[in-house]
Amino acid sequence: MYNKVLLVFNVKAGKVNTGNNVGIAAGILSSNVKELTILKGGYPGELEEICRDRGEEFELVVIMGGDGTVHECVNGLALLSAPPKIAIIPTGTCNDFARTLNISMVISEACVDAVYGPDKKIDIGKVNDRFFTNFAGIGLIADTSENIEGNIKEKFGTLSYFISALKTMKETSLFSFKVRTDKGMYDGEAVMIIIMNGRFIGTRELPYEHIQPQDNKLNLLIVKEAGLPLFKEWVQSKTLLTPEAQDTDIFQQKIESASIETTELKKIDTDGEIYLQTPMEVTVLSELLTFKTGTKG
């Protein structure tokens, strides 16, 4: 049993029944830990400040929210010399990194795993001076996140991501890039470049079985213009990306670091949050943080 546990959530993010979700979580957690503290964030960056300033007071920090809330908290916790263990109770739209960790989308089950689930050391990505758990990307993926309308997201949830993706694909444009990794140098034109640590985007699992957040590697994915129809079919769940496509129109490689330049400034999407711009300096921080993971397949 944990002695001191912190539950954090963003009062302005997620679903409208945040209060009910917090009540469910608090009831389950308080019955299974000795001391539970609950803190909420109300303005951008507040949860990051809380996790950075107070994280080391606790043995476990439980993050209630979606990928954006996890992103914010991790950017505070990753700076600590002795970070606590981290658990996620997924209440966001997509909850992609929670899916990678095999965490249940049922709040009550996620709460139990937050206390009793297996501990795993997890890799974290770093882009410029910020951290990401799931991905960092430019091009189509950033445009898709930026084009999601708030009212559509509220009404359609995960479907809003695909509505925006399909709409954005019709309007997407090529950009020139230069990528230098620990494996080599590449240049050309693309519609999207993603560096993955997790396996899911918009609740869809990428069709690469070897993407794991525990292998001391990140996964570089470059989608060229000719590969866009294949990527569109994958988003629509009609087909997987084939090995042949990966070799030609969709380039994929395991890396430890990457430097990415674009001829024009491109917005960087980190875990669905957009506030950085190219150029990108990306590295993997091996097994930096310990997360509680799910027990059900």
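Cut-offs and rules
Numbering of residues starts from 1 in each chain and follows the order in which that chain's sequence is written. With pLDDT at 70 or above as the cut-off, local features in this predicted model cover only qualifying residues; side-chain atom pairs require 80 or more to be listed or tallied, and sums for whole chains, interfaces and linings still use all residues. Side-chain metrics in this entry use all non-hydrogen atoms of the structure; hydrogen atoms and water are not considered. Numbering of helices and strands starts at the N terminus; helices are DSSP runs of H or I of at least 4 residues and strands are runs of E of at least 2. Only strands joined by at least two bridges in the DSSP assignment are considered to pair. In this description, a line fitted to the C-alpha atoms serves as the axis of each element, helices being fitted only across the stretch in contact, and the angle between N-to-C directions of two axes falls anywhere from 0 to 180 degrees. Here a polar contact means two N or O atoms within 3.5 Å. Within protein one must be a hydrogen donor candidate and the other an acceptor candidate, and residues neighboring in sequence count only if both atoms are side-chain atoms. Here, two residues are considered to be in contact whenever any of their heavy atoms come within 4.5 Å of each other.

(A) Focus on the environment of Phe231. Take Phe231: it is sitting in helix α9 (residues 228-235). C-alpha of Phe231 to C-alpha of Ile250: the two residues are 19 residues apart in sequence and 8.5 Å apart in space.

(B) Layout of the sheet that holds strand β7 (residues 135-139). Reading across the sheet, the 6 strands line up as β14-β13-β10-β7-β16-β17 and stay open at both edges, with antiparallel pairing between neighbours. Each edge of the sheet is formed by a strand with only one pairing partner; in this case those strands are β14 (250-255) and β17 (273-277). Sheet twist, expressed as the mean angle between neighbouring strand axes with direction ignored, is 20°.

(C) Structural view of the side chain of Thr181. Positionally, Thr181 belongs in strand β8 (residues 175-181). Polar contacts involving the side chain of Thr181 include one to the main-chain amide nitrogen of Lys183, which spans 2.9 Å. Setting aside anything within four residues of it in sequence, one finds Thr181 in contact with Tyr186, Leu220, Gln253, Ile255, Ser257 and Ala258.

(D) Layout of the environment of Ile50. Checked against the element boundaries, Ile50 lands in helix α2 (residues 46-54). The sequence separation of Ile50 and Cys73 amounts to 23 residues, and the corresponding C-alpha distance is 8.1 Å. If near-sequence neighbours (up to four positions away) are discounted, Ile50 is found in contact with Leu6, Val8, Leu39, Lys40 and Gly55.

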